[in-house]
Amino acid sequence: MSARPAPAVDRDSRPWWDALARHELVLQRCSACRAWRWPPRAICNRCASFEWEWVAPSGRGSVASWIVNHHRFSEAFESPYPVVTVRLEDQADLLLPGSFTGPMDRLRIGLEVVADFDDAVDEAGRRFTLLTWRPEDGADWRRPGDRAAEEAAT
Ligand SMILES: [Zn+2]
């Protein structure tokens, strides 16, 4: 596994990154109006409440948009690599980004996906985990890094 750029963790996002490291997906949910929100922040954008809790959503959604990056921003990334924006089934306006670990020829708007986790390490040896998405039906799904391992073996 090659070193990858680590995320910038701040006070608001710390619980998000800690949960991903445990392979759990959690999101802030407003205690007053019950709205889910992402990215993490101190105030509800619907009702302005400062009260929230971290709650596990379903982890299921559908692809709302996607791109395939052909430009490598770091030697740590395979190219090309797909990035999706996923609309969670828990709330229609709740969109989460992440890598897509299914076959690129399956990418389409509306593809049903489930959350998954990609463990990584930065140049200093610090471990962190990124959110990824894979097809809900599991067909042709490969863990991150499998593609590179398969190519190295052939
Ligand atoms: Zn609210």
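Sequence order sets the numbering: in each chain, residues are counted from 1 along the sequence as written. It should be noted that, the model being predicted, local features are given only for residues of pLDDT at least 70 and side-chain atom pairs only at 80 or more, the latter also being counted only at that level, while totals for whole chains, interfaces and linings use all residues.

**What to know about the overall build of the protein chain**
Every helix listed is a DSSP run of H or I at least four residues long, and every strand listed is a run of E at least two residues long, numbered separately from the N terminus. For the protein chain, the count of helices and strands is two helices and eight strands. Along the protein chain, helices (α) and strands (β) appear in the sequence α-β-β-β-β-β-β-β-β-α when read from the amino end. Counts of 20 or more other C-beta atoms within 10 Å of a residue's own C-beta define buried residues, counts of 12 or fewer define exposed ones, and intermediate counts define partly exposed ones; C-beta atoms are placed from the backbone. Within the protein chain, buried positions represent 17% of all 154 residues.

**A few points about the sheet that holds strand S8 (residues 127-135)**
Strands sit in the order S4-S5-S6-S8-S7 around a closed barrel of five strands; the barrel is mixed. Across this sheet, the average inter-strand angle for adjacent strands is 45 degrees, counted without regard to direction. Here strand S5 (residues 81-88) runs beside strand S6 (residues 95-100); their pairing, made up of five bridges, is antiparallel. In the strand pairing of S6, Arg87 is matched with Leu95. By the convention adopted here, residues make contact when the C-beta atoms placed from their backbones lie within 7 Å. Axis geometry follows a simple rule: fit a line to the C-alpha atoms, using only the stretch in contact for helices, then measure angles between N-to-C directions, giving values from 0 to 180 degrees. In this fold helix H1 (residues 14-21) packs onto strand S7 (112-121) and S8, with an angle of close to 75 degrees to the strand it touches most, S8. Two strands qualify as a pair provided that DSSP identifies no fewer than 2 bridges between them.

**A word on the environment of Trp66**
Mapping Trp66 onto the fold places it in strand S4 (residues 60-69). The partly exposed category is assigned to Trp66, around which 18 C-beta atoms lie within 10 Å. Spatially, the C-alpha atoms of Trp66 and Val86 are 8.7 Å apart, while their sequence positions differ by 20 residues. Ignoring any residue separated from it by four or fewer positions in sequence, one finds Trp66 in contact with Pro82, Val83, Val84, Phe100 and Leu107.

**Focus on the nonpolar core**
The biggest cluster of nonpolar side chains holds ten residues, and these are Val63, Val84, Val86, Leu88, Leu96, Phe100, Leu111, Val113, Ala115 and Trp133. Those elements that provide at least two residues to this core are S5, S6 and S7. In terms of residues, this core owes the most to one element, S5, which gives three residues. With sequence-adjacent residues up to four places away left out, Val86 is seen in contact with Gly61, Ser62, Val63, Ala64, Leu95, Leu96, Gly98, Val113 and Trp133. Definition of nonpolar core: a set of buried Ala, Val, Leu, Ile, Met, Phe, Trp, Tyr and Cys residues joined via C-beta atoms within 7 Å.

**Some thoughts on unusual backbone geometry**
The peptide bond linking Trp38 to Pro39 adopts the cis configuration, its omega dihedral lying at 0 degrees. Positive phi, close to 60 degrees, is recorded for His23, a residue that is not glycine. The topology assignment puts His23 in the loop between H1 and strand S1 (27-30). His23 gets classed as exposed once you count the C-beta atoms within 10 Å, which come to 11.

**Considering the pairing of S4**
Relative to S7, S4 runs antiparallel, the two sharing three bridges. Considered in S7, the bridge of Arg60 is made with Val114. Bridge analysis of S4 against S5 gives eight bridges, and the strand direction is antiparallel. Bridge assignment links Ser65 to a residue of S5, and that residue is Thr85.

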